[in-house]
Amino acid sequence: MSKSNALNVLQLIDSLDAGGGERMSVHLANALSEQVNFSSLIASRRSGILEKDILPKVQFGCLNKTSALDFKALFKLKRFVKQHNINIVHAHSTSFFLASQLKIIYPKVKIIWHDHYGLSDKLDKRPKTILMICSSFFSQIIAVNLKLKEWSTQNLKCKHVEYVQNFSLGSRSHQNEQNVKLKGHPQAFKIIHVANLRPQKDHLTALKAIKQLVDKGINLSYHLIGGYDKNSEYYKNLINFIQKHHLEKYVFIYGSQTNVSGLLEQADMALLSSVSEGLPVSLIEYAQAKLPLVVTDVGQCKDVVGDFGLVVNPSNKEELVKAITYNYKHPEDASKNAEKLYKKVTNEFDPSKIIQKILSIYYKVLKN
């Protein structure tokens, strides 16, 4: 497709910490830089580890917004939008609030809201008053799974809602960089878990399963990749469990990492033990790395893996133990399933097809 001179697009996100919505905003900005006249990305509150992944041709900025109503940041955003003739602001997650303020003071810009809400299995508890008010400023809503699409259709004022899959382009600026090595016994069965350390991701149930497997004498190691807050109760509980059960030789916490694909290459199996999800980008990355996997039946996970991954009920230690044991004891079967899942995901989550879908949404919004 030839480059569009009609589209000047801004991806708007709160920060560039390594979360799913944040990674999608970077993937989109990078991919669109080949397809549109001007592709840019602004982090409203702060930058983060993912800034290194932004391609040079993507214009990046940070507003350093300090509160919900920060007029200095708002007018800085307006100046950027006017200067670069931005006609589409693609707002991710909670950045919809700033995008709505921009629409009030600069009505000619079109707002698209991308809903990455991770607790899509607990939507009855989702706060919605402010979002409902702001949704009258949206020209389009993009939902990362079908539950979120249905929720927006039922609860929000913008009635143009589409489900668009997440995709992954990998880490583009770190492929030649020396990668972090997974720790532990070199011959151990290495289980990798890419998810920020917070309650929704339920690392504790996974740790209980790991303890049970270690007690059975299985030579394994468990590697947690993702950001965390050292002062949070969740993090402290995980550390306490590891120390209480003497798992320090088996469990390793790495924090946020950019070159996730390089870490996945070193693993034997991938895990997601969440109690709720949208459509996790890490699941697509697992499949692209051809890793056997075990995931919980939340969000869109079961639809993504189909018959080619082991799906267990959330918060169920025994099912996790059984599934991990199966992959450990049947490496050939696990590897064949991983190969089939790779083909399925390559077809269904093809970045070029998804980008074309996003572009068609942009054109439709501009037309209307």
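Residues numbered from 1 in each chain as written. Predicted model: local features only at pLDDT ≥ 70, side-chain atom pairs only at ≥ 80, totals over all residues. Heavy atoms only, no water.

Q: Sorry, what's going on with the packing of helix α1 (residues 20–32) against helix α9 (residues 281–288) here?
A: Helices that pack against each other are described as a pair by the angle of their axes relative to one another and the distance between those axes. Contact geometry for α1 and α9: axes closest at 9 Å, N-to-C directions at 65°. It follows from the interaxial angle that α1 and α9 lie roughly perpendicular. Residues G20, R23 and M24 of α1 pack against V281, S282 and E285 of α9. When grouped by side-chain class, the residues that make up the contact of α1 with α9 number two nonpolar, two polar and two charged. (Axes fitted to C-alpha atoms, helices over the stretch in contact; angles between N-to-C directions. Helix = DSSP H or I, 4+ residues; strand = E, 2+ residues; numbered from the N terminus. Parallel < 35°, antiparallel > 145°, perpendicular 65-115°, else oblique. Contact = heavy atoms within 4.5 Å. Nonpolar A, V, L, I, M, F, W, Y, C, P; charged D, E, K, R; others polar.)

Q: Would you mind showing me how to read the sheet that holds strand β13 (residues 310–312) here?
A: Adjacent strands of a sheet pair through backbone hydrogen bonds, lying either parallel or antiparallel. Reading across from one edge, β10-β9-β8-β11-β12-β13 is the order of the six strands in this open sheet, with parallel pairing throughout. Edge positions in the sheet fall to β10 (251–255) and β13, since each has one partner strand and no second. Strand after strand, the sheet turns through a mean of 20° between neighbouring axes, direction not considered. Relative to β13, strand β12 (residues 293–296) is paired through three bridges, and the arrangement is parallel. Among the inter-strand pairings, V295 is bridged to a residue of β13, identified as V311. Against the sheet, helix α6 (residues 203–215) makes contact with β8 (189–194), β9 (220–225), β10 and β11 (269–272), and its axis sits at roughly 165° relative to β9, the strand it touches most. This element, α9, spans β8, β11 and β12 of the sheet and lies at about 165° to β11. (Pairing = 2+ DSSP bridges.)

Q: So what exactly am I meant to see when it comes to the side chain of Q165 here?
A: Residue placement: Q165 occurs in the loop between β7 (161–163) and β8. Only 3.1 Å separates the side chain of Q165 from the backbone oxygen of E348, close enough to count as a polar contact. What Q165 contacts, discounting residues up to four positions off in sequence, is L279, E348, F349 and I354. (Polar contact = N/O pair within 3.5 Å; in protein donor to acceptor, adjacent residues only side chain to side chain.)

Q: How should I be thinking about the pattern of salt bridges in this particular structure?
A: What the rule picks out here adds up to 13 salt bridges. Here D297 and K302 are joined by a salt bridge, their closest N and O atoms 3.9 Å apart. K302 gets classed as partly exposed once you look at its relative accessible area, which sits at 45%. Salt-bridge contacts for K317 lead to E318; the nearest nitrogen and oxygen are separated by 3.6 Å. For K317, a relative accessible area of 28% corresponds to the partly exposed category. Here E318 falls in the partly exposed class, since its relative accessible area comes to 46%. (Salt bridge = Lys/Arg side-chain N within 4 Å of Asp/Glu carboxyl O. Buried < 20%, exposed > 50% of the residue type's maximum accessible area, 1.4 Å probe, protein only.)

Q: Please explain the packing of helix α2 (residues 71–83) against helix α3 (residues 96–105) as it appears in this structure.
A: At their nearest, the axes of α2 and α3 sit 10 Å apart, and the two run at 65° to each other. Comparing their axes, α3 and α2 come out roughly perpendicular. The hand of the α2/α3 crossing is right-handed. Contacts from L74, F75, L77, K78 and V81 of α2 reach α3 at L98, Q101, L102 and I105. Residue composition of the contact of α2 with α3, grouped by class: seven nonpolar, one polar and one charged. (Left-handed = near helix turned anticlockwise from the far one by under 90°.)

Q: Is there a simple way to explain the nonpolar core in this structure?
A: As a rule of thumb, soluble globular proteins bury nonpolar side chains together. Of all hydrophobic cores here, the largest spans 81 residues; its most connected members are L77, V81, V89, F138, I192, L283 and Y362. No other element matches helix α13 (residues 351–367), which puts seven residues into this core. Once residues within four sequence positions are removed from consideration, L77 is found in contact with L10, L12, I42, L63, L98 and L102. Counting residues in each nonpolar core, the second largest holds 29 residues, with L220, L224, L238 and M269 among its members. (Core = buried A, V, L, I, M, F, W, Y, C linked by side-chain atoms within 4.5 Å.)

Q: What is the right way to look at the side chain of Q101 in this model?
A: Along the chain, Q101 turns up in helix α3. Apart from the residues lying within four places of it in its own chain, the contact partners of Q101 are A68, L69 and L74.

Q: Quick question: what am I supposed to make of the pairing of strand β6 (residues 138–143) here?
A: Regular strands place side chains that alternate from one sheet face to the opposite one. Counting buried positions along β6 gives five out of six residues, so the element sits mostly inside the fold. Note that strand β5 (residues 110–115) and β6 share five bridges and pair parallel. Across the sheet, I111 pairs through a bridge with F138, a residue of β6. Direction of pairing for β6 relative to β7: parallel, over a ladder of three bridges.

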